[in-house]
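Tertiary structure, described
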Amino acid sequence: MAYRAISGIGEFGLIDKIAALAEPTLHTVQNLITGIGDDCAVYQPSAGLLQVATTDMLVEQVHFDLLTTPLKLLGSKSISVNVSDICAMNALPRYALISIAVPASFSVEMIEALYEGMAYAATEYGVAIAGGDTSSSRSGLVISVSMIGEVSAEQLTHRSGAKPGELICVSGTLGGSAAGLKLLMREKEIMLEHIENNEPYNKSTMADLKEYSNAFQNHLSPIARLDIVRLLHSKNIRPSSMIDISDGLSSDLQHICRSSNTGALVHEGRIPIHPGTRRIAEELQDDALTWALTGGEDYQLLFTISKKEYEAIADNKDIAVIGETTDKEEGLLLSDIYGMTIDLRTVKGFDHFSS
Ligand SMILES: [Mg+2]
């Protein structure tokens, strides 16, 4: 990769580059009046819709490791995680403001790769990158994305609306992101060992990672489930509660149950484990179900819905019913494939799940 020092083009040169990369995203929305280049971004809110706002910060060495994270994918992920939070409110994403703090070691090309990923993802989701800020950083790279979305009062969905006796649904599959992360950590170890021992680490010495590309993709470049939100809107149904799975099914279901004052019963056999994850877990002597329950960063949608409303989406193969909400007193239970129930909150402590 070519290397041009950022100091060579200066802060204004960098902002011009970022503005040029963000420019195509401005055409994805109609109501943006002023994008990057003035003191504020200006947009006309859509008539009759509520606005939802979220922000998410990604810090080098806390949330990502640049040794195992291509910048383009990091850019797209920083957009996706915010879109995912907007989706969790059953809203549509519209505008993003992006701030970055960049270490002196970064090149112009590295920032370009980061923003190419951001612009690509933003365009895919229909989000305009409308503004932001840049700073230098004395430590690692910091990316902060704020996003604004829109939703009608009728479609707005909180975590708090679940009632006992409703279905608990999850989109897509779980555990794939944790599998990808564990594999990346293994490869990093191998690479560092090679370097330490003065052995070459290149295409001829590294494992064939092609078969894992799906798991890597899940971790490095997750896709927010805007398609599910669009499906719900098109069917004119609203979940009673919803959250995106960023911390893992177990934690995120607890968030819903706590906010809604309900319990839950989840069936192990119905949890959609990402294909390939069981085999990767076996290879790494770990447990795929534990990854699905506690791994996090799958960015699928977890929602509750009345049985009657569910009928409208029952034919969708990408939405799994994993259990039912119960009275609060019944707690959060996981029923295993033999019908034994355990407290979902203590999953990690049980032999069955750590074997
Ligand atoms: Mg969230």
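The rules we used
- Residues numbered from 1 in each chain as written.
- Predicted model: local features only at pLDDT ≥ 70, side-chain atom pairs only at ≥ 80, totals over all residues.
- Heavy atoms only, no water.
- Phe/Tyr/Trp six-rings, centres within 6.5 Å; stacked < 30°, edge-to-face > 60°.
- Helix = DSSP H or I, 4+ residues; strand = E, 2+ residues; numbered from the N terminus.
- Buried < 20%, exposed > 50% of the residue type's maximum accessible area, 1.4 Å probe, protein only.
- Donors = N, O, S within 2.8 Å, 3.2 Å for Na, K, Ca; no water.
- 1 Å grid on protein atoms, 1.4 Å probe; cavity = no way out; pocket = protein on both sides within 12 Å on 5 of 7 lines; lining within 4 Å.
- Points joined across faces, edges and corners; volume = space filled by probe spheres on them.
- Nonpolar A, V, L, I, M, F, W, Y, C, P; charged D, E, K, R; others polar.
- Domains from an automatic or database assignment.
- Salt bridge = Lys/Arg side-chain N within 4 Å of Asp/Glu carboxyl O.
- Axes fitted to C-alpha atoms, helices over the stretch in contact; angles between N-to-C directions.
- Parallel < 35°, antiparallel > 145°, perpendicular 65-115°, else oblique.
- Left-handed = near helix turned anticlockwise from the far one by under 90°.
- Contact = heavy atoms within 4.5 Å.
- Pairing = 2+ DSSP bridges.

So, the packing of aromatic side chains
Within this structure, the stated rule accounts for two aromatic pairs. With 4.2 Å between their ring centres and 25 degrees between their planes, Tyr 43 and Tyr 95 make a pair best called stacked. Separated by 52 residues along the polypeptide, Tyr 43 in strand β2 (residues 42-43) and Tyr 95 in strand β4 (residues 92-103) bring together distant segments of the chain. The exposure class of Tyr 43 is partly exposed, given its relative accessible area of 23%. Ring centres of Tyr 212 and Phe 216 lie 6.4 Å apart, and the angle between their planes is 75 degrees; on these two criteria the pair is classed as edge-to-face.

What about the coordination of the magnesium ion?
Every protein donor of the magnesium ion is accounted for by Asp 85 (OD) and Asp 244 (OD), and the metal-donor separations fall at 2.1 Å. With Asp 85 in helix α2 (residues 71-88) and Asp 244 in strand β8 (residues 241-244), this residue pair connects regions lying 159 residues apart in the sequence. Residue classification places Asp 244 among the buried residues on the basis of a relative accessible area of 3%.

Focus on the layout of surface pockets
Each pocket or cavity is described by its volume, and for the largest pocket that value is around 450 Å³. Looking at the largest pocket, it is lined by 24 residues, and the ones nearest its centre are His 63, Phe 64, Leu 181, His 219 and Glu 297. Among the secondary structure elements, those contributing two or more residues to the lining of the largest pocket are β3 (50-59), α2, α4 (176-196) and α5 (213-220). A per-class count over the lining of the largest pocket returns eleven nonpolar, eight polar and five charged. Mapping the lining of the largest pocket onto the domain boundaries places at least three of its residues in each of domain 1 (6-151) and domain 2 (167-354).

Some points on the pattern of salt bridges
According to the stated counting rule, one finds 15 salt bridges in the structure shown. In this structure, Glu 116 engages Lys 72 in a salt bridge whose closest nitrogen and oxygen atoms are separated by 3.3 Å. Placement of Glu 116 in helix α3 (residues 108-125) and of Lys 72 in helix α2 is noted, with a sequence separation of 44 residues between them. Given a relative accessible area of 34%, Glu 116 falls into the partly exposed group. Taking relative accessible area as the criterion, Lys 72 reaches 45% and is therefore assigned partly exposed. A salt bridge links Arg 225 to Asp 318; the shortest N-O distance between them is 2.3 Å.

Concerning the packing of helix α1 (residues 10-22) against α3
Close contact between α1 and α3 brings their axes to 9 Å; oriented N to C, the two are set at 25 degrees. As the angle between them shows, α1 and α3 are arranged roughly parallel. Our pair here, α1 against α3, has a crossing hand that is right-handed. Facing Leu 14, Lys 17, Ile 18 and Leu 21 of α1, the residues of α3 in contact are Val 108, Ile 111, Glu 112, Tyr 115, Glu 116 and Ala 119. Looking at the contact of α1 with α3 residue by residue, the class counts come to seven nonpolar, no polar and three charged.

Here we look at the pairing of strand β9 (residues 263-267)
Of the pairings in the sheet, the one linking β9 to strand β11 (residues 319-326) comprises four bridges and is antiparallel in character. Bridge pairing links Ala 264 to Thr 325 in β11. Bridging between β9 and strand β12 (residues 332-335) involves four bridges; their strand directions are parallel. Bridge assignment links Val 266 to a residue of β12, and that residue is Leu 334.

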